[in-house]
Amino acid sequence: MEDATDGEVNTSVLYRMIFKKNRTNIEEGILELERVVEKLTKIQNNERIEIEQRILASINDIVNSKGVELYKLKCYFGEGKVSRLGEILLELWKSVRDVMYKNILTRKENGLLILTQRIPVIVEAERNLLEELTK
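Okay, so let's go over this structure. Just so we're clear, the structure is a prediction, and the values are computed from it rather than from any experiment.

Re the packing of aromatic side chains
Okay, step 1: Scanning all chains against the criterion turns up three aromatic pairs.
Okay, step 2: Summarising the aromatic geometry, the rings of Tyr-15 and Tyr-76 are spaced 5.0 Å apart at their centres and angled 55 degrees between planes, so their arrangement reads as tilted. Residue Tyr-15 is found in helix α1 (residues 11-21), and its partner Tyr-76 is found in helix α3 (residues 45-77); the two are separated by 61 residues along the sequence.
Okay, step 3: Overall, the relative accessible area of 10% leaves Tyr-15 in the buried class.
Okay, step 4: Residue classification places Tyr-76 among the partly exposed residues on the basis of a relative accessible area of 23%.
Okay, step 5: Seen in terms of ring centroids, Tyr-15 and Phe-77 are 6.0 Å apart; in terms of plane orientation they differ by 65 degrees. Their pairing is edge-to-face. Of this pair, Tyr-15 sits in helix α1 while Phe-77 is found in helix α3, placing the two residues 62 residues apart along the sequence.
Okay, step 6: Overall, the relative accessible area of 0% leaves Phe-77 in the buried class.

Right under this line is the structure:
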């Protein structure tokens, strides 16, 4: 089994229980991420720059949170499938942050368009991790 043991209390089991208990809230968050993509596609150019900068700040927070989450996954589950899914998710968020940052600096592309193209991949990765943690 992939779950690492931690003395008398198996923290990986507790972590899974937390995800199972909060599955509905997590799924709602994933759906909200999809709704954000729909809203971003409707934003006009004159609003775009300010919104991209606010989104970049939020993505930085997400990357930091996903880094903490990955640390926990590795502590609780070792280097197995769950941790690999966490690594993929962190790298996806980092790539989105990098593209958004580059776009803000260079103004060569529409960062919101790029974001809307990458979010569906992140949504799928979030669902994969949720499924793995709640099975």
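There's more to say after this.
Structural notes on the pattern of salt bridges
Okay, step 1: Under the counting rule described, the total for this entry stands at eleven salt bridges.
Okay, step 2: Two residues, Lys-66 and Glu-69, come together in a salt bridge whose shortest N-O distance is 3.6 Å. On the criterion of helical spacing, the pair formed by Lys-66 and Glu-69 is a turn pair, its members being three residues apart in helix α3.
Okay, step 3: For Glu-69, a relative accessible area of 17% translates into the label buried.
Okay, step 4: In this structure, Glu-126 engages Lys-66 in a salt bridge whose closest nitrogen and oxygen atoms are separated by 2.9 Å. Linking Glu-126 in helix α5 (residues 111-134) with Lys-66 in helix α3, this pair joins segments that are 60 residues apart in sequence.
Okay, step 5: The exposure class assigned to Glu-126 is buried, which follows from its relative accessible area of 13%.
Okay, step 6: Among the ionic contacts, a cluster of salt bridges with common partners joins Arg-23, Glu-27 and Glu-131.

With respect to the layout of surface pockets
Okay, step 1: Quantified by volume, the largest pocket comes out at close to 420 Å³.
Okay, step 2: If you go around the largest pocket, you meet 18 residues; those closest to its centre are Leu-33, Val-36, Ser-58, Ile-62 and Trp-93.
Okay, step 3: When contributions to the lining of the largest pocket are tallied by element, the ones reaching two or more residues are α2 (23-40), α3 and α5.
Okay, step 4: With seven residues, α3 is the single largest residue contributor to the lining of the largest pocket.
Okay, step 5: Residues of the lining of the largest pocket, tallied by class, amount to eleven nonpolar, three polar and four charged.

Digging into the environment of Glu-52
Okay, step 1: Along the chain, the position of Glu-52 falls in helix α3.
Okay, step 2: Along the primary structure Glu-52 and Ile-104 are separated by 52 residues, whereas in three dimensions their C-alpha atoms are 7.3 Å apart.

What counts, and where the lines are drawn
Residues numbered from 1 in each chain as written. Predicted model: local features only at pLDDT ≥ 70, side-chain atom pairs only at ≥ 80, totals over all residues. Heavy atoms only, no water. Phe/Tyr/Trp six-rings, centres within 6.5 Å; stacked < 30°, edge-to-face > 60°. Helix = DSSP H or I, 4+ residues; strand = E, 2+ residues; numbered from the N terminus. Buried < 20%, exposed > 50% of the residue type's maximum accessible area, 1.4 Å probe, protein only. Salt bridge = Lys/Arg side-chain N within 4 Å of Asp/Glu carboxyl O. 1 Å grid on protein atoms, 1.4 Å probe; cavity = no way out; pocket = protein on both sides within 12 Å on 5 of 7 lines; lining within 4 Å. Points joined across faces, edges and corners; volume = space filled by probe spheres on them. Nonpolar A, V, L, I, M, F, W, Y, C, P; charged D, E, K, R; others polar.

Interpretation in functional terms is not warranted from these geometric data alone.
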